[in-house]
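# What the coordinates show
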Amino acid sequence: AAGAVGSEHGPCPPSGNSTQAFLKCLAWRQEHGDPDLDESTLQPTEAADEDVLKYYAELSKNRMRVTSFGHEKLSIFTDKLRDELVQWSAERNDLPRIFTLGDWDAACDMLRDTLGYRYSMEHWIKGMFETNYALRVEDVKAADFVFLPHCATGVFMHMVVKDLKKDDKDEVRPRRAASFWNRHGGPWWKPYPSNSSAEWRRRNGESYLGYEGNLPANSVIRLDGEYLLNKVNVQWKGKEEYKHCLQRASCKFLIASIYGRHVWRQFAHVFGEKAVFITHAGMSSWLRERSDSYFISQGAQRGEVAQQRAGNQCRASCKLHCMMDPPPVLKQDIVLPWVIAFEWTHRAAKTRDRDILAFYSGTENSCSRRVLRESFGDRFKQEMPAAEGSALARPAVLKDKSRVLIFPPEFRLRQEDWSELAYRSRLCICPDGDSPNTGRLIEVIMHGCVPLIISNRLQPPFHEYIDWTAVAFFMKEESIADLPRMLEERFSGRSGYLEIAEK
């Protein structure tokens, strides 16, 4: 795969099969400009998009299906999952019974094709429930759950695009929004004032949802009220099936939502614990409640069981990452992994010849990512070789299996290049992004690269059923500054290699 990098994408010299040559090719492309990026938008060209699709198709040809589980694979599952599977096998009557409350708007079907795979969860969850006759019931009286279909993510994204196109001086919509809140009793937190400026909205968005990637709060509040609350008050609340579930203690509402309860605050407040959210919003105090032995740290020896629990205190390097009010998920909610394009392949299963100790590349969309980059200083410049004749040429200081690559945000990697580096790496660093549960977590796993998760607030997907310490390493945010030394002292030698190999 590395040998083809330079031959079809501009005058980058052919790289051979060594990591050193591959990195030299990347450095040449970064210095001389990437022909795969549009110069005006810095977005991939259509030809580059086509190349990515071809790359995914090629990976799919080499996918490796897991058809049986050996003892070492079963060890990643918790006793809770085993017990529930045994109980279900014996009784065969524990499948949930789900009633779908009506259909959604015709516009939702049109939005489906504009979202891409990553933001399609609300669509495929609906399709799964409607076509799975082992779960589906036609009588709400027999239902354990009433599924409420909507396409809030698609509507929200179109709202955001529309808002971005608006003139910043147009204050008509905030006044209309304030009028809407007055008519409906107002939200249970303070919305924008009717005379808010674009700058005020921007600042308020940062304080309102800064811990969720600074989502545009104006669009969030409008979607919450004008779309989701409208669904409740106009389309659902009057239906007898809705009333029946609301009144019956053994019935809960089932809501698929990419974003968590903390984003759609009024909507979530209507249901409270009466609803189960199926979401990608894996953000809770769950990690804070783990013992110190759950995390790697500079002072603790491997295998040492720490006696002192971390408690529920938050010492994150980013104060925003201590915010949990309102809670993104409740105890009964289900956190799903993000939908990704990569599949498990035969190459992913091969870990012996990986010669990059640790790798990270991503946008700097959280303060913990900035702290990560700053902690490694000029290490990246020293690690990266440059093409012959380059004014930026530097000898690589590490050419063995202790190479650590922390790419700065301005160094853009094509998807194929990122994938190649993940296949060559033993550890892939996964700090919080817009939110703690990112698509990158599952992407690195699909490359056979062990995640090193840096977070104080992640609730991993299916956390009650998967023993994530068997899959990944965890580090607290306040330990980021020690990461360079930890990688060198704990993971660069033979014992570190074996410790990673156990995951």
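Residue positions are given per chain, counting from 1 as you read along its sequence in written order. Under the rules for a predicted model, residues below a pLDDT of 70 receive no local features and side-chain atom pairs below 80 are neither given nor counted, while totals for whole chains, interfaces and linings still include all residues. Side-chain descriptors were evaluated using all non-hydrogen atoms of the structure, hydrogens and water having been removed beforehand.

## Comments concerning unusual backbone geometry
This is how it is decided: Runs of E in the DSSP output that reach at least two residues are strands. Runs of H or I that reach at least four are helices, and both are numbered from the N terminus.
Here the bond from D325 into P326 is cis, since omega is 0°, no more than 30 degrees from zero. Here P326 lies in the loop between β4 (275–279) and β5 (334–335). One non-glycine residue, F462, adopts positive backbone phi at about 50°. Of note, F462 is situated in the loop between β9 (450–454) and β10 (473–475).

## Here's the deal with the pattern of salt bridges
What counts, and what does not: When a carboxyl oxygen of Asp or Glu lies within 4 Å of a side-chain nitrogen of Lys or Arg, that pair is called a salt bridge. Relative accessibility under 20% of the residue-type maximum defines a buried residue, over 50% an exposed one, and the middle range a partly exposed one, all with a 1.4 Å probe and only protein chains included.
This structure, assessed with the given rule, holds 27 salt bridges. The closest approach of N and O atoms between R440 and E443, which form a salt bridge, is 2.9 Å. With R440 and E443 both in helix α16 (residues 439–445), this residue pair falls three residues apart, about one helical turn. Using a relative accessible area of 3% as the deciding quantity, one classes E443 as buried.

## Topic: the side chain of S402
For clarity, the cut-off: In this analysis, two residues are considered to be in contact whenever any of their non-hydrogen atoms come within 4.5 Å of each other.
If you trace the backbone, S402 turns up in the loop between α14 (379–383) and β7 (403–406). Every residue in contact with S402, bar those within four places of it in the chain, is listed here: L357, R379, E383, R426 and S492.

## Notes on the packing of aromatic side chains
Note the following rule: Pairing of aromatic side chains here covers Phe, Tyr and the six-membered ring of Trp, requires ring centres within 6.5 Å, and sorts the geometry by plane angle: under 30 degrees stacked, over 60 edge-to-face, intermediate tilted.
Overall, the coordinates contain 22 aromatic pairs when judged by the stated rule. Centroid distance W236 to F267: 6.4 Å. Interplanar angle 55°. Geometry classified as tilted. With W236 in helix α10 (residues 217–236) and F267 in helix α12 (residues 265–271), this pair connects stretches of sequence that are 31 residues apart. On the basis of relative accessibility, which here comes to 2%, the residue W236 falls in the buried class. In this structure F267 comes out as buried when scored by relative accessible area, which is 1%. Through a chain of ring-to-ring contacts, three or more aromatic side chains come together here, namely Y56, F342, F359, F380, F407, F411 and W418.

## Things to note about the pairing of strand β3 (residues 252–257)
This is how it is decided: Here the rule is simple: two strands pair whenever DSSP picks up at least two bridges between them. Every crossover in which the path from the first strand over the helix to the second runs clockwise, viewed with the strands pointing away from the viewer, is termed right-handed.
In terms of burial, β3 is a largely internal element, five of the six residues being buried. Of the strand pairs in this sheet, strand β2 (residues 145–147) and β3 are connected by three bridges, and their pairing is parallel. Among the inter-strand pairings, F145 is bridged to a residue of β3, identified as K252. Examined bridge by bridge, β3 and β4 share five bridges and lie parallel to one another. Counterpart to A256 in the pairing with β4 is I278. Once you follow β3 into α12 and on to β4, the crossover reads as right-handed.

None of this, on its own, says anything about what the molecule does.
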